[in-house]
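Inside the fold
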Amino acid sequence: MIELIPAIDIINGQCVRLTKGDYDQKTVYHDSPAEVAQEFEEIGFRRLHVVDLDGAKSKHIVNSSVLRHITTATSMQVDFGGGIKSDEDIETAFANGAAMVTVGSIAVTQPDLFFSWLEKYGEEHMILGADVRHGRISINGWKEDSSEELLPFLQKYIDAGVRNVLCTEISKDGTLQGPAIELYSQVMEAYPHLHLIASGGVSSMEDIQALEGAGIPAVVFGKAIYEGKINLRELWDWQNA
């Protein structure tokens, strides 16, 4: 069964969502991310994806106190990303309760640093972020496109021991237009043992069921929750039927 991971994106301490990563297309949904996380946990969810969008833009963690509020208010396993660019940043994330971290830009710009973290913290605590636009990896809060193509980029890190990858199709993110199932299927065909977490475009329970049918191991989704497109209790009941 596909792993269901609700998402909380943070700007100025608030729970928000962007469209296609555009900071000018921001919607604020809740003033307390910790309360949102508690609602997810009450339904039964045990895993949470948290993104510090201020951090992604600033190139260092900004909302560590919000992460701490979430991890002390709930017992959810939180994977945290956004602004992790240094040893201090990754230490801050784990010190504030993150169970896993998602790192993308550093894997492109400073691969040796990423490899050192992989060795130090272990593959079970590291998620490789692969944010894709026009077939290439995007970095620095999706402000820049690198020259790295998706599949060769993944191969390099899988060879080094990476097992968890969060792949976001940027053109789909926040659009509620359906996930990039073809893209994720290509990744799974190339790397069938990868724990791939699909992200971007999920608009309904049917989208999640389609990802499940395609053999995608896990999915992150956010806007569809906040816009009332997905009933989390119904989704939880479906997964646990």
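This report concerns the structure included in the present document.

As a further point, take the nonpolar core. If you look at the biggest cluster of nonpolar residues, it comprises 70 residues, and the most contacted ones within it are F40, L154 and F221. Those residues within four positions of L154 in sequence are excluded, and the remaining contacts are L128, A130, V165, V187 and Y191. Core analysis: the next-biggest nonpolar cluster, separate from the first, contains eight residues, M100, L166, A218 and V220 among them.

Turning next to a negative patch on the surface. A surface patch of negative charge is lined by D31, E35, E39 and E42. The topology assignment puts E42 in helix α1 (residues 33-43). Classification of E42 as exposed rests on a relative accessible area of 61%.

Another point: the packing of helix α4 (residues 87-95) against helix α6 (residues 111-121). At a closest axis distance of 11 Å, the pairing of α4 and α6 adopts a crossing angle of 35 degrees. Helix-helix and strand crossings are classified by hand; for α4 and α6 the assignment is right-handed. For the pair formed by α4 and α6, the contact residues are D87, I90, E91 and F94 on the first element and L113, W117, K120 and Y121 on the second. Here the contact of α4 with α6 is composed, by residue class, of five nonpolar, no polar and three charged.

As paired elements, strand β2 (residues 14-19) and strand β3 (residues 22-30) share five bridges and run antiparallel to each other. Bridge assignment links C15 to a residue of β3, and that residue is H30.

Another point: the environment of V108. Within the secondary structure, V108 sits in helix α5 (residues 105-109). Relative accessible area serves as the criterion here: at 17%, V108 is assigned to the buried category. Taking the C-alpha atoms as reference points, V108 and E206, 98 residues apart in sequence, are found 34 Å from one another. Apart from residues no more than four positions distant in its own chain, V108 is found in contact with I137, I139, S146, E148, F153 and Y157.

For the rest of this paragraph, the subject is α1. For α1, the full list of buried residues reads P33, A34, V36, A37, F40, E41 and I43. Once α1 finishes, G44 follows within two positions and takes phi at roughly 135 degrees, a positive value.

Attention now goes to the packing of aromatic side chains. Within the structure shown, the criterion is met by six aromatic pairs. Between F94 and Y121, the aromatic rings sit 4.9 Å apart at their centres with planes inclined by 35 degrees, giving tilted as the arrangement. Of this pair, F94 sits in helix α4 while Y121 sits in helix α6; the two residues are 27 residues apart in sequence, bridging distant segments of the chain. For Y121, a relative accessible area of 17% gives the class buried. Every member of this aromatic cluster is reached through a ring pair, and the members are F114, F115, F153 and Y157. The cationic tip of K57 hangs over the ring face of Y23; the distance from NZ or CZ to the ring centre is 4.7 Å.

How each quantity is defined
Residues numbered from 1 in each chain as written. Predicted model: local features only at pLDDT ≥ 70, side-chain atom pairs only at ≥ 80, totals over all residues. Heavy atoms only, no water. Core = buried A, V, L, I, M, F, W, Y, C linked by side-chain atoms within 4.5 Å. Buried < 20%, exposed > 50% of the residue type's maximum accessible area, 1.4 Å probe, protein only. Contact = heavy atoms within 4.5 Å. Patch = residues over 30% accessible without salt bridge, like charges linked within 9 Å, V, L, I, M, F, W, Y side chains within 5 Å. Areas by Shrake-Rupley, 256 points an atom, 1.4 Å probe, with all protein chains shown as cover. Salt bridge = Lys/Arg side-chain N within 4 Å of Asp/Glu carboxyl O. Lys, Arg positive; Asp, Glu negative; His and termini not counted. Charge placed at Lys NZ, Arg CZ, Asp CG, Glu CD. Helix = DSSP H or I, 4+ residues; strand = E, 2+ residues; numbered from the N terminus. Axes fitted to C-alpha atoms, helices over the stretch in contact; angles between N-to-C directions. Left-handed = near helix turned anticlockwise from the far one by under 90°. Nonpolar A, V, L, I, M, F, W, Y, C, P; charged D, E, K, R; others polar. Pairing = 2+ DSSP bridges. Phe/Tyr/Trp six-rings, centres within 6.5 Å; stacked < 30°, edge-to-face > 60°. Lys NZ or Arg CZ within 6 Å of the ring centre and 35° of its normal.

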